Amino acid sequence: MSLYCDVALPVPLDRVFTYELGGQEAGVGVRVMVPFGGQRLVGIILGLHDTQPPDDVEVKRVDRVLDEAPLLPDELMELGKWIAAYYCAPLGEVLRGMMPLTAEVRRQWTYRIAEQGRKVLYEGAAKGSSRRSRLSVEDQNREYAVLNYLESGEPAKTATLRSATGANKALLDAMAKKRWLVREPLAEVRDARRVEIVAVLAEDNAEPTEGKRLPKLNDNQLAVMAELAGCGSRELVRELRSRLSARGIPDSSLSTLVKRGLVRLEETAQAFHVTSLGNHGKKFAHEHALNEAQTEALATIVTAMNAGGFKPHLLYGITGSGKTAVYIAAMQRALSANKSALLLVPEIGLTPGTAAQMVAAFGSEVALLHSQLTPDERAEQWHRIRRGEARVVIGTRSAVFAPMPNLGLILVDEEHDSSYKQEETPRYHGRDVAVMRAKLLGCTVVLGSATPSLESWNNAERGRYALVQMLERVQQRPLPKVEMIDMREEFRETGKEQLFSRRLIEETQATLDRNEQVIILLNRRGYSFVVMCRSCGEKLECENCAISLTYHKGGEENSLNGEARVGQRLECHYCGYRRTVPKACPKCQSEHLYYLGAGSQQGEERLQELFPGARIGRMDRDTVRTRGDMERLLGRLHSGEINLLVGTQMIAKGHDIHGVTLVGVVGADFALGLPDFRAAERVFQLLTQVSGRAGRGELPGKVLVQTYQPDHYVNQFAITHNYTGFAAREMYFRRAMRYPPLSVLANVILQGEELEEVLGIATKLGRWLAKNKPEGVRVLGPAPAPNARLKRIYRYHMVLKADRREQLGAALRALLGFVDAEQVPRRAVVVDVDPVHLM
Ligand code: ADP
Ligand code: ZN
Ligand code: ZN
């Protein structure tokens, strides 16, 4: 038994902390609860030893060892270490993100009967007392049932008591307050799956044996026995109670049977419930016989899987080529080879549609991990997966850490999507971690997209990834015809700045008249995204951020979308800050405030004026806050209740709505001007993805792109659906500028509440880097970050650029070493390796 352990803690420090074990048994990889700076933290043991730390170090004791065996398999520990090293993140913070901790270490209570309680039970001491009479008759009966249940003196957990007696926690606590019960914390780490209690007919009573007399039972108790026998001697207490109460049988009958040993209560893990989700009359993906391209793609993946070993693939399949069906088929093959399969989807990708496809294909074998699970639900899924009960996992970014035994296939859908990048420590990229996990495990990984990231495309071109292509839509459906509308010409001809061109209006009307559906992309939410003073030119900015406030018009409630009714306001889309709309310019008091730039809310209003008969819906983060909102909105689209949908890039993501034949794109090329080397790539992806929503059903589709830069290569390649042409052109630019994927980057952000302090740190680090030039690395900056202030934090940044990954890593490690040595607070220095934004 070792004396000490080294623990990784979820704190922003790149080191382990040594604790005394004090005779407790523990192994590497298990969780411990330890004191740290006045609080209790859960960490992971990384090493055990007997080396006494130096005398001047005060060594504290581990409070509690939480696990008997390591929670993370070796493979995931390895992956965690790789992430910590690659992304320059503290291992403790990485590991915390890899497992559900919060839900686990929660307190539970047990109850025992107290002397006073016994008295009440036997003497009815409190009967008629004023306190008791305030309770309903049912609650009074429940109190007796609780006392009755606990009478033997054995303590019971809240859940058990609730099942046995119907008493809820409030009632139990009230009884503890009256000193009828003793309440005690249960010092155990619970298995976080939610438990349910089942009532089981004790075996020896199922068939009464000769000579053994059944205790005398009243009619109600007999009825309970009969009910239980009628459902195979076993039933969820929850179910049983509701059936009994419907027949007027009191809760106490069951409790009495339990007390007499005729019925046993057992805990079981709650069954996994998946609500049945419809597919809007379409066939589910797995019900189609695969076409030739799909069959070929599947064969390539399956061959790699059967051969075993690390084998990365890029599946380049155009929109509507039927990638989902290939994913499902590949996962089915993994299952029949006795392996498990993981599918990562972007944040918004886990829509009800996808969920429905997966549940239809895999039933209760599937676990869905998305951002809206409660900590409890997440933990429950985590344990199911670890026990091997869910061999198919579909989830967003952090699902890449799902503890799946025998993982044989990892799929990353829409691999170009930026939601795979975590924008807080550890700043990992889910796609890249997926590839690394596959490498550590030696398994097949497939990255799929209609618009692959240039990183993945480059890997495919260099032969590092096998390229699998699906270049046609299913059933030979044509890709939509894309046309540009030159908005400069439109202005010349009409003499007015218009949100929607005459052509788009005409085509929309015609489409609606034909009873088909239209989608219009307006990639900003709110009403106007700039509020400016005409007199002094001041732009109204957030108090906390150097970001323009967006004007939201209130009271614009539309019956087809569910935006909460909030008044008009200015809102910061970064930090959520809200203020009322000022009457005058805060700087010069002029009353001439000017609202610029139309967002989706304004788009909706204009469309309502233009098409009074249209059934308009809006999809943006104001109208879609939860998965439920998304589900409802998509349901209305599928049913045709909405025939004109306006929204932000959310509308471009993977939705498969067969009635849409026209897509309009408004103001998307604005993003071409953003100061980011990926601006062109993003606009191309958006145009391609949103175009991909048109013509997915029987009828062919059409796309109209309004633009001020019709000659821009992004537009030129987008209208001909020419991804490879675009990629070649863009790669040329990246090579010339030495940008990723033809170099590697890290963004080092220097931040703090005081501008002085931030400037000080920036100067210090900048000077040090200039003096200690890291080999093979170019340093740009320090300079104010494009978002110079966010949430009251001032931000400077430096961009480090290198040809080789090792050189970049070495430079960052040296820099962080200097940061430590100089005692610059670690939270003031954020390292973002492979940043997706340089903002
Ligand atoms: P992608 O993700 O490649 O854009 P989807 O996977 O959403 O495409 O598939 C597009 C549509 O084609 C879906 O409605 C799907 O059910 C259908 N589909 C898939 N495979 C076939 C097939 N072999 N034959 C006919 N329809 C198919
Ligand atoms: Zn002004
Ligand atoms: Zn703000």
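Residues numbered from 1 in each chain as written. Chains lettered and ligands numbered in written order. Predicted model: local features only at pLDDT ≥ 70, side-chain atom pairs only at ≥ 80, totals over all residues. Heavy atoms only, no water.

Counting secondary structure elements, the protein contains 26 helices and 33 strands. Taken over the C-alpha trace, the protein has a radius of gyration of 31 Å; the compact-globule value for 839 residues is 28 Å, and the two agree within 12%. Considered along the principal axes of its C-alpha atoms, the protein spans approximately 100 × 75 × 70 Å. Across the 839 residues in the protein, those meeting the buried criterion constitute 52%. (Helix = DSSP H or I, 4+ residues; strand = E, 2+ residues; numbered from the N terminus. Rg over C-alpha atoms; globule rule 2.2 N^0.38 Å. Buried < 20%, exposed > 50% of the residue type's maximum accessible area, 1.4 Å probe, protein only.)

So, on to the sheet that holds strand β4 (residues 39-49). Within a sheet, each strand pairs with its neighbour through backbone hydrogen bonds, oriented either parallel or antiparallel. What the five strands build is an open sheet, ordered β2-β1-β4-β3-β5; its pairing is antiparallel. Sheet topology places β2 (17-20) and β5 (64-65) at the edges, where each strand pairs with a single neighbour. (Pairing = 2+ DSSP bridges.)

Across the junction of P740 and P741, the peptide omega takes the value 5 degrees, indicating a cis bond. Cis geometry marks the peptide bond from G781 to P782, where omega comes out at 5 degrees. Of note, C88 is a non-glycine position whose phi angle comes to about 55 degrees, a positive value. Although it is not a glycine, Q475 sits at a positive phi angle of roughly 55 degrees. Residue class for Q475 comes out exposed when judged on its relative accessible area of 55%.

Taken in spatial order, the four strands line up as β31-β32-β30-β33 in an open sheet, and their pairing is antiparallel. Single-partner strands in this sheet number two, and they are β31 (777-790) and β33 (829-833). Strand-to-strand twist in this sheet, taken as the mean axis angle between neighbours without regard to direction, amounts to 20 degrees. Both strand β30 (residues 744-752) and β33 contribute to a ladder of five bridges, which runs antiparallel. What sits directly across from N747, in β33, is D832. (Axes fitted to C-alpha atoms, helices over the stretch in contact; angles between N-to-C directions.)

The next subject is the site of ligand 1. Among the 19 residues in the neighbourhood of ligand 1, the closest are listed as Q294, G320, K323, T324 and D656. Side-chain polar atom of D656 to an oxygen atom of ligand 1: 2.4 Å apart, as the coordinates give it. Between ligand 1 and H658 there is a distance of 3.3 Å, counted from an oxygen atom to a side-chain nitrogen or oxygen. Surface burial for ligand 1 is 90%, taken as the share of its 570 Å² of free accessible area covered by protein chains. Sorting elements by how many residues they give to the shell around ligand 1 places helix α13 (residues 323-336) first, with three residues. (Near = heavy atom within 4 Å. Polar contact = N/O pair within 3.5 Å; in protein donor to acceptor, adjacent residues only side chain to side chain. Areas by Shrake-Rupley, 256 points an atom, 1.4 Å probe, with all protein chains shown as cover.)

Moving on, we come to the confidence of the model for the protein. Confidence in the prediction for the protein averages 87 pLDDT; 92% of positions are at 70 or higher. Counted against residues more than four places away or in other chains, residues 270-276, with its pLDDT under 50, gives 11 contacts. (pLDDT = per-residue confidence, 0-100. Contact = heavy atoms within 4.5 Å.)

A ring pair, where both rings are aromatic, is described by two values, the distance of the centres and the angle of the planes. For the structure shown, the criterion picks out 17 aromatic pairs. Ring plane angle 65 degrees and centroid distance 4.7 Å describe the contact between Y86 and Y87, whose orientation is recorded as edge-to-face. When its relative accessible area of 1% is taken as the criterion, Y87 is described as buried. On the numbers, 5.2 Å between centres and 40 degrees between planes, the contact of Y316 with Y723 is tilted. Residue Y316 is located in strand β12 (residues 311-317), and its partner Y723 is located in helix α24 (residues 723-737); the two are separated by 407 residues in the primary sequence. In terms of burial, Y316 and Y723 fall into one category: buried. Cluster of aromatic residues (ring-pair linked, three or more members): Y316, W457, F684, Y713, Y723 and F726. (Phe/Tyr/Trp six-rings, centres within 6.5 Å; stacked < 30°, edge-to-face > 60°.)

Each protein donor to the zinc ion (ligand 3) is listed here as C542 (SG), C545 (SG), C572 (SG) and C575 (SG); together their distances run 2.2 to 2.4 Å. Relative to the metal, the four donor atoms surrounding the zinc ion (ligand 3) lie at angles of 100 to 117 degrees, and the coordination shape comes out tetrahedral. Read from N- to C-terminus, the donor residues coordinating the zinc ion (ligand 3) fall into the pattern C-x2-C-x26-C-x2-C. (Donors = N, O, S within 2.8 Å, 3.2 Å for Na, K, Ca; no water. Tetrahedral: all angles 85-135°; square planar, octahedral: opposite > 155°, others 65-115°.)

Once that is clear, we can look at the packing of helix α5 (residues 137-150) against helix α11 (residues 251-259). One way to put it is that α5 packs onto α11 with a least axis distance of 10 Å and a crossing angle of 5 degrees. Between α5 and α11, the interaxial angle falls into the category roughly parallel. Across from R142, A145, N148 and Y149 in α5, the residues of α11 making contact are D251, S255, V258 and K259. When its residues are assigned to classes, the contact of α5 with α11 shows three nonpolar, two polar and three charged. (Parallel < 35°, antiparallel > 145°, perpendicular 65-115°, else oblique. Nonpolar A, V, L, I, M, F, W, Y, C, P; charged D, E, K, R; others polar.)

Bound to the zinc ion (ligand 2) are the protein donor atoms C533 (SG), C536 (SG), C585 (SG) and C588 (SG), situated 2.3 to 2.4 Å from the metal. Considering all four donor atoms around the zinc ion (ligand 2), the spread of angles at the metal, 103 to 114 degrees, places the coordination shape in the tetrahedral class.

Moving on to helix α9 (residues 219-230). Between its first and last C-alpha, α9 extends 16 Å over 12 residues, near the 16 Å set by a 1.5 Å rise per residue. Inspection of α9 places Q221, A223, V224, M225, E227 and L228 among the buried residues, and these make up the whole buried set. Its side-chain oxygen 3.1 Å from the backbone nitrogen of N220, N218 forms the N-cap of α9. (Expected span 1.5 Å × (residues − 1).)

Counted according to the given criterion, the structure contains 54 salt bridges. One salt bridge in this structure joins D139 and R142, with 2.9 Å as the shortest N-O distance. Note that D139 and R142 are positioned in helix α5 at a spacing of three residues, about one turn of the helix. Overall, the relative accessible area of 22% leaves D139 in the partly exposed class. Under the relative-accessibility criterion, R142 is labelled partly exposed at 24%. (Salt bridge = Lys/Arg side-chain N within 4 Å of Asp/Glu carboxyl O.)

All right, on to a negative patch on the surface then. A cluster of acidic residues, E753, E754, E756 and E757, forms a negative patch on the protein surface. With respect to the helices, strands and loops of the structure, E757 is situated in helix α25 (residues 755-771). (Patch = residues over 30% accessible without salt bridge, like charges linked within 9 Å, V, L, I, M, F, W, Y side chains within 5 Å. Lys, Arg positive; Asp, Glu negative; His and termini not counted. Charge placed at Lys NZ, Arg CZ, Asp CG, Glu CD.)

The contact between α5 and helix α6 (residues 158-165) brings their axes to 10 Å, and the two run at 120 degrees. In terms of axis orientation, α5 runs oblique to α6. In this structure, α5 meets α6 at a crossing whose hand is right-handed. Mapping the contact onto sequence places R142, A145, V146, Y149 and L150 in α5 and T160, L161, A164 and T165 in α6. Tallied by class, the residues present in the contact of α5 with α6 amount to six nonpolar, two polar and one charged. (Left-handed = near helix turned anticlockwise from the far one by under 90°.)

Note on strand geometry: in a regular strand, side chains alternate between the two faces of the sheet. Among the six residues in strand β3 (residues 31-36), five count as buried, and that is most of the element. Note: β3 against β4, six bridges, orientation antiparallel. Bridge pairing in β4 links V32 to G43. Between β3 and β4, which pair antiparallel in sequence order, lie two residues; one of them, G37, sits at a positive phi of approximately 50 degrees.

As a further point, take the side chain of R397. For R397, the position within the fold is in the loop between β15 (392-395) and β16 (407-412). With no salt bridge to any partner, buried R397 finds its closest opposite charge in E347, at an N-O distance of 5.1 Å. Of note is the side chain of R397, whose polar atom sits 3.3 Å from the side chain of Q422. Residue contacts for R397: discarding those within four places in its chain leaves L344, V345, S419, Y420, K421, Q422, Y428 and G430.

So, on to the environment of R632. By the secondary structure assignment, R632 is in helix α21 (residues 627-639). Sequence separation between R632 and E78 is 554 residues, and the spatial gap between their C-alpha atoms is 42 Å.

Note that F401 resides in the loop between β15 and β16. In this structure F401 comes out as buried when scored by relative accessible area, which is 4%.

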